[in-house]
Amino acid sequence: MKVEVVDYRPEWAEMYAAEAEKIRAVLGENLIEIHHIGSTAVKGLKAKPIIDILAVVSDLVSLDGKNSEFEKAGYECMGEFGIRGRRYFRKGEEIRTHQIHAFGALSAYDIERHLAVRDYLRAHDRAAESYGKLKEKLAVSRRHRGLLRRKRRFCQSSRKNGVGLVQKKYRG
């Protein structure tokens, strides 16, 4: 799969908002929170043009019962897809446009780690710029493994730095 990293596009916020409304309609009262996450949620940050969405639900079993509705909306339902307790949905077979990472409300660690990276990059322009440059190198490099390790370390560091922000906001 070809990795494309592009300059920030203001329409990403609008694309998120439109998709969030569709997700709210599918999930109804089971949806507790919905967030725009990932690089497309950080103004000015270079990103893969895929809208990442974090959905927090009260009941994963009820969420699983909505798979056919997500499929009608163009999503492929992938189950946990490598992260225990998550439900992963992706939209766009040839050209992916959206990804949903859904967690039950009790998965505080997973919810916080997704929000921490986003919030840290939003609050630290230099870190966001460095991350964007790293992603560009990754997209054009044939040395994917080494750059992927650097990206993972960068995210882990950002997560550690951002967790305090998120915990204050979400744990009171």
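Treat the numbers as computed from the prediction; the structure is a model and nothing was measured. (Residues numbered from 1 in each chain as written. Predicted model: local features only at pLDDT ≥ 70, side-chain atom pairs only at ≥ 80, totals over all residues. Heavy atoms only, no water.)

Asker: I would appreciate a short explanation of the sheet that holds strand β4 (residues 86-91) in the present structure.
Answerer: The strands that make up a sheet are held in pairs by hydrogen bonds between backbone atoms, and each pair lies either parallel or antiparallel. Strand order in this open sheet of five strands is β1-β2-β5-β4-β3, and the pairing throughout is mixed. In this open sheet, the two edge strands, each paired with only one partner strand, are β1 (31-37) and β3 (75-77). Geometrically, the sheet is characterised by an average inter-axis angle of 20° between neighbouring strands, direction not taken into account. Across six bridges, β4 lies against strand β5 (residues 98-104) in antiparallel orientation. When the bridges of β5 are listed, Lys91 appears paired with His98. Contacting β1, β2 (51-57), β3, β4 and β5, helix α1 (residues 11-27) runs over the sheet at an angle of about 160° to β1. Here helix α4 (residues 108-123) sits on the sheet and contacts β1, β2 and β5; the angle it forms with β1, its principal contact strand, is near 40°. (Pairing = 2+ DSSP bridges. Helix = DSSP H or I, 4+ residues; strand = E, 2+ residues; numbered from the N terminus. Axes fitted to C-alpha atoms, helices over the stretch in contact; angles between N-to-C directions. Contact = heavy atoms within 4.5 Å.)

Asker: Looking at this structure, I do not really get the environment of Ala47. What am I missing?
Answerer: Structurally, Ala47 can be placed in the loop between β1 and β2. On the basis of relative accessibility, which here comes to 0%, the residue Ala47 falls in the buried class. Note: C-alpha distance between Ala47 and Glu4 (43 residues apart in sequence) is 8.0 Å. Filtering out sequence-adjacent residues up to four positions away, Ala47 remains in contact with Glu4, Val5, Val6, Trp12, Ser39, Thr40 and Lys135. (Buried < 20%, exposed > 50% of the residue type's maximum accessible area, 1.4 Å probe, protein only.)

Asker: Mind showing me how you'd approach α4 here?
Answerer: Since one α-helical turn is 3.6 residues long, residues separated by three or four positions face the same way. With 16 residues, α4 should cover 22 Å at 1.5 Å per step; its first-to-last C-alpha distance of 21 Å lies within 8% of that length. Counting buried positions along α4 gives 12 out of 16 residues, so the element sits mostly inside the fold. Restricting attention to buried positions, one finds in α4 the residues Asp110, Ile111, Glu112, Arg113, His114, Leu115, Ala116, Val117, Arg118, Asp119, Tyr120 and Leu121. (Expected span 1.5 Å × (residues − 1).)

Asker: Where do I start with the pattern of salt bridges in this structure?
Answerer: Any two side chains of opposite charge can pair, so long as their charged atoms come close to each other. Enumeration over the complete set of coordinates arrives at 12 salt bridges. Ionic pairing is found between Arg113 and Asp110, a salt bridge with its closest N-O pair at 3.0 Å. A residue pair is termed a helical-turn pair when its members lie 3 or 4 positions apart in one helix, as Arg113 and Asp110 do in helix α4 at three residues. Connected via shared salt-bridge partners are Asp7, Lys46 and Glu136. (Salt bridge = Lys/Arg side-chain N within 4 Å of Asp/Glu carboxyl O.)

Asker: In this structure, what is going on with the pairing of β5? I would like to understand it.
Answerer: When a strand is regular, its side chains alternate between the sheet's two faces. Counted residue by residue, β5 has seven buried out of seven residues, so it is predominantly covered. The two faces of β5 match: His98, Ile100, Ala102 and Gly104 on one face and Gln99, His101 and Phe103 on the other face are all buried. Two elements, β2 and β5, share seven bridges in a ladder whose sense is parallel. Residue pairing in the sheet places Ile51 in a bridge with His98 of β5. What sits between β4 and β5 in their antiparallel hairpin is a turn of six residues, with Gly92 showing a positive phi close to 100°.

Asker: Could you clarify how one ought to interpret the environment of Gly28 in this entry?
Answerer: For Gly28, the location among the structural elements is in the loop between α1 and β1. For Gly28, a relative accessible area of 39% gives the class partly exposed. Separated by 29 residues in the primary sequence, Gly28 and Val57 place their C-alpha atoms 9.8 Å from one another.

Asker: Is there a simple way to explain the packing of α4 against helix α5 (residues 125-140) in this structure?
Answerer: Helices that pack against each other are described as a pair by the angle of their axes relative to one another and the distance between those axes. Contact pair α4 / α5: the axes reach a minimum separation of 5 Å and the direction vectors enclose 110°. With respect to each other, α4 and α5 are oriented roughly perpendicular. Residue-level contacts link Tyr120, Leu121, Arg122 and Ala123 of α4 to Asp125, Ala127, Ala128 and Tyr131 of α5. When its residues are assigned to classes, the contact of α4 with α5 shows six nonpolar, no polar and two charged. (Parallel < 35°, antiparallel > 145°, perpendicular 65-115°, else oblique. Nonpolar A, V, L, I, M, F, W, Y, C, P; charged D, E, K, R; others polar.)

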